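Architecture at a glance
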Amino acid sequence: MLRAASLRVTAPRLAVLTAVHQHPHADTDTILNRVRDTLGAVSQQAVYDVLRALTSAGLLRRIQPMGTVARYETRVGDNHHHLVCRSCGVIVDVECAVGDMPCLTPLDGRGFVVDEAEVIYWGRCPDCTTSPSLS
């Protein structure tokens, strides 16, 4: 995967890809901790640089729902969307609302060639909805 994206295969890149694959929608601190669990001493800047390189190469997708820190996922190449719980912050994938990519076609595209639509649905997850302290 790294070579196909014209990136050198390095231990930090492999560790970051593995961490994000195992923890979809993880923030940078979570990814950093998982990488350090795997490799030992790795600088925060090194992980940030790897995240940036992998995102630029299209191997990771960076999302940042309003009011939250950036999150990363390995699910790329499809135009899926996300559900975000207002109570606990859990983020889950949801398939496109309608049709083929880009899923949602603007009523008036104003000349743009749309190739992606980003939709975030906000609400409360089933756990928070049924929690007696939040009902």
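Look up: the structure comes first, before these words.
Residues numbered from 1 in each chain as written. Predicted model: local features only at pLDDT ≥ 70, side-chain atom pairs only at ≥ 80, totals over all residues. Heavy atoms only, no water.

**Describing the pattern of salt bridges**
When the charged atoms of two side chains lie near each other, side chains of opposite charge can form a pair. One pass over the full model with this rule turns up six salt bridges. With a shortest N-O distance of 3.6 Å, R61 and E73 are connected by a salt bridge. Within this pair, whereas R61 is found in strand 2 (residues 61-63), its partner E73 is found in strand 3 (residues 71-73), the two being separated by twelve residues in sequence. Exposure class is identical for R61 and E73. Each is buried. A salt bridge links E95 to R75, with the nearest nitrogen and oxygen atoms 2.9 Å apart. Residue E95 is located in the loop between strand 5 (91-94) and strand 6 (120-123), and its partner R75 is located in the loop between strand 3 and strand 4 (81-85); the two are separated by 20 residues in the primary sequence. One network of salt bridges, in which partners are shared, links R75, D78, D93 and E95. (Salt bridge = Lys/Arg side-chain N within 4 Å of Asp/Glu carboxyl O. Helix = DSSP H or I, 4+ residues; strand = E, 2+ residues; numbered from the N terminus. Buried < 20%, exposed > 50% of the residue type's maximum accessible area, 1.4 Å probe, protein only.)

**Observations concerning the packing of helix 1 (residues 11-22) against helix 2 (residues 28-39)**
Look at helix 1 against helix 2: their axes get within 9 Å of each other, and the N-to-C directions meet at 125°. For the element pair helix 1 / helix 2, the angle class is oblique. As for how helix 1 packs across helix 2, the hand of that crossing is right-handed. On helix 2, the residues that touch A11, P12, A15, V16, A19 and V20 of helix 1 are I31, R34, V35, T38 and L39. Residue composition of the contact of helix 1 with helix 2, grouped by class: nine nonpolar, one polar and one charged. (Axes fitted to C-alpha atoms, helices over the stretch in contact; angles between N-to-C directions. Parallel < 35°, antiparallel > 145°, perpendicular 65-115°, else oblique. Left-handed = near helix turned anticlockwise from the far one by under 90°. Contact = heavy atoms within 4.5 Å. Nonpolar A, V, L, I, M, F, W, Y, C, P; charged D, E, K, R; others polar.)

**Describing helix 2**
Between its first and last C-alpha, helix 2 extends 16 Å over twelve residues, near the 16 Å set by a 1.5 Å rise per residue. Where helix 2 is buried, its residues meet helix 1, strand 1 (26-27), helix 3 (44-56) and strand 3. With its phi angle positive at about 90°, G40 sits one or two positions after the end of helix 2. (Expected span 1.5 Å × (residues − 1).)

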